[in-house]
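For reference, the chains in residue letters:
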Amino acid sequence: MLWITAFHIIAMVCWFSALFYLPRLFVYHAMSEDQVSRDRFVVMERKLMRGIATPAMIATLVLGVWLLHYLPGYLSLGWMHAKLALVVLTVGYHHVCIRYMKQLAAGTSTHSHQFFRVFNEIPVVFLVGIVILVVVKPF
């Protein structure tokens, strides 16, 4: 079980790293003024999403379910319910990133770089909440 936990944490770190970096790319993409730059950001965003973010999300979720299989009693605890709610919100954020990535690639995004600067901070809230819930187990 310790190996599963270790790989779950590694996958989660990779997932959140991608979720921190991808919206930062959106900021620069929204600020870009020439086609060469926009094309470069489209490639970078797609590679980050397909090569790191989505595989890390899937690994995090699969390993998390595997851990819950070994520790089913956790499903009756309030802190785990709150953690799982934050995980669901993080998965939703991931999918919103995919939508914004597609809009930026198509040139149909209506969001400014300032919007993406604020949007970039959302996963920090999820990460802080998840880590506090897992470590402190407040309820």
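Look above for the structure.
Everything in this summary refers to the structure shown in the same document. Values in this document were obtained by computation on a predicted structure and should not be read as measured data.

A closer look at the side chain of histidine 29
Summarising the element assignment, histidine 29 is placed in helix H1 (residues 2-31). Using a relative accessible area of 3% as the deciding quantity, one classes histidine 29 as buried. In contact with histidine 29, other than residues within four places in its own chain, are Arg38, Phe41, Val42, Glu45, Leu104 and Ala105.

Description of unusual backbone geometry
Most peptide bonds take the trans configuration, and most residues that are not glycine carry a negative phi. We note that lysine 137 has phi near 50 degrees; this positive angle belongs to a residue other than glycine. Of note, lysine 137 is situated in the segment after helix H5 (122-136). Classification of lysine 137 as partly exposed rests on a relative accessible area of 36%.

With respect to the nonpolar core
With 31 residues, the main nonpolar core has Trp15, Phe26, Cys97, Phe116 and Phe119 as its most contacted residues. Only H1, helix H2 (35-70), helix H3 (78-106), helix H4 (113-119) and H5 provide two or more residues apiece to this core. Broken down by element, the residue count for this core peaks at ten residues, all from H3. Aside from chain neighbours lying at most four places away, what touches phenylalanine 26 is Glu45, Cys97, Tyr100, Met101, Leu104, Phe116 and Phe119.

Section: a positive patch on the surface
A grouping of Arg46, Lys47, Arg50 and Lys102 is seen on the molecular surface, where their side chains present a positively charged patch. Sorting elements by how many residues they give to the positive patch places H2 first, with three residues. Mapped onto the elements of the fold, arginine 46 is located in helix H2.

Observations concerning the packing of aromatic side chains
Tallying each qualifying case throughout the model produces 13 aromatic pairs. Arranged with centres 4.5 Å apart and planes meeting at 20 degrees, the rings of tyrosine 93 and phenylalanine 119 form a pair that is stacked. Here tyrosine 93, found in helix H3, pairs with phenylalanine 119, found in helix H4; they are 26 residues apart in sequence, far enough to count as distant. Chaining the aromatic ring pairs together yields one cluster made of Phe26, Tyr93, Tyr100, Phe115, Phe116, Phe119 and Phe126.

Concerning the environment of tyrosine 28
Position of tyrosine 28 relative to the elements: it lies in helix H1. Taking the C-alpha atoms as reference, tyrosine 28 lies 38 Å from tryptophan 3; in sequence the two are 25 residues apart.

Details of the environment of methionine 101
Looking at the secondary structure, you find methionine 101 in helix H3. Separated by 62 residues in the primary sequence, methionine 101 and aspartate 39 place their C-alpha atoms 12 Å from one another. Ignoring anything within four residues of it in the chain, the contact list for methionine 101 reads Phe26, Glu45, Arg46 and Met49.

Section: the side chain of lysine 83
Its place among the elements puts lysine 83 in helix H3. No salt bridge is formed by the buried lysine 83; its nearest oppositely charged neighbour, glutamate 121, is found at 22 Å.

Comments concerning H5
In this model, H5 (15 residues) spans 21 Å end to end at C-alpha, consistent with the 21 Å of a helix rising 1.5 Å per residue. Looking at the buried positions of H5, the neighbouring elements they touch are H1, H3 and H4. In the segment just after H5, lysine 137 is the residue with positive phi, at about 50 degrees.

Quick word on a nonpolar patch on the surface
Where nonpolar side chains cluster on the molecular surface, the patch consists of Val124, Val128, Val131, Ile132, Val134, Val135 and Val136 and spans about 550 Å² of accessible area. Tracing the sequence through the fold places valine 136 in helix H5. Accessibility expressed as a relative area gives 54% for valine 136, which makes it exposed.

Analysis parameters
- Residues numbered from 1 in each chain as written.
- Predicted model: local features only at pLDDT ≥ 70, side-chain atom pairs only at ≥ 80, totals over all residues.
- Heavy atoms only, no water.
- Helix = DSSP H or I, 4+ residues; strand = E, 2+ residues; numbered from the N terminus.
- Buried < 20%, exposed > 50% of the residue type's maximum accessible area, 1.4 Å probe, protein only.
- Contact = heavy atoms within 4.5 Å.
- Core = buried A, V, L, I, M, F, W, Y, C linked by side-chain atoms within 4.5 Å.
- Patch = residues over 30% accessible without salt bridge, like charges linked within 9 Å, V, L, I, M, F, W, Y side chains within 5 Å.
- Areas by Shrake-Rupley, 256 points an atom, 1.4 Å probe, with all protein chains shown as cover.
- Salt bridge = Lys/Arg side-chain N within 4 Å of Asp/Glu carboxyl O.
- Lys, Arg positive; Asp, Glu negative; His and termini not counted.
- Charge placed at Lys NZ, Arg CZ, Asp CG, Glu CD.
- Phe/Tyr/Trp six-rings, centres within 6.5 Å; stacked < 30°, edge-to-face > 60°.
- Expected span 1.5 Å × (residues − 1).

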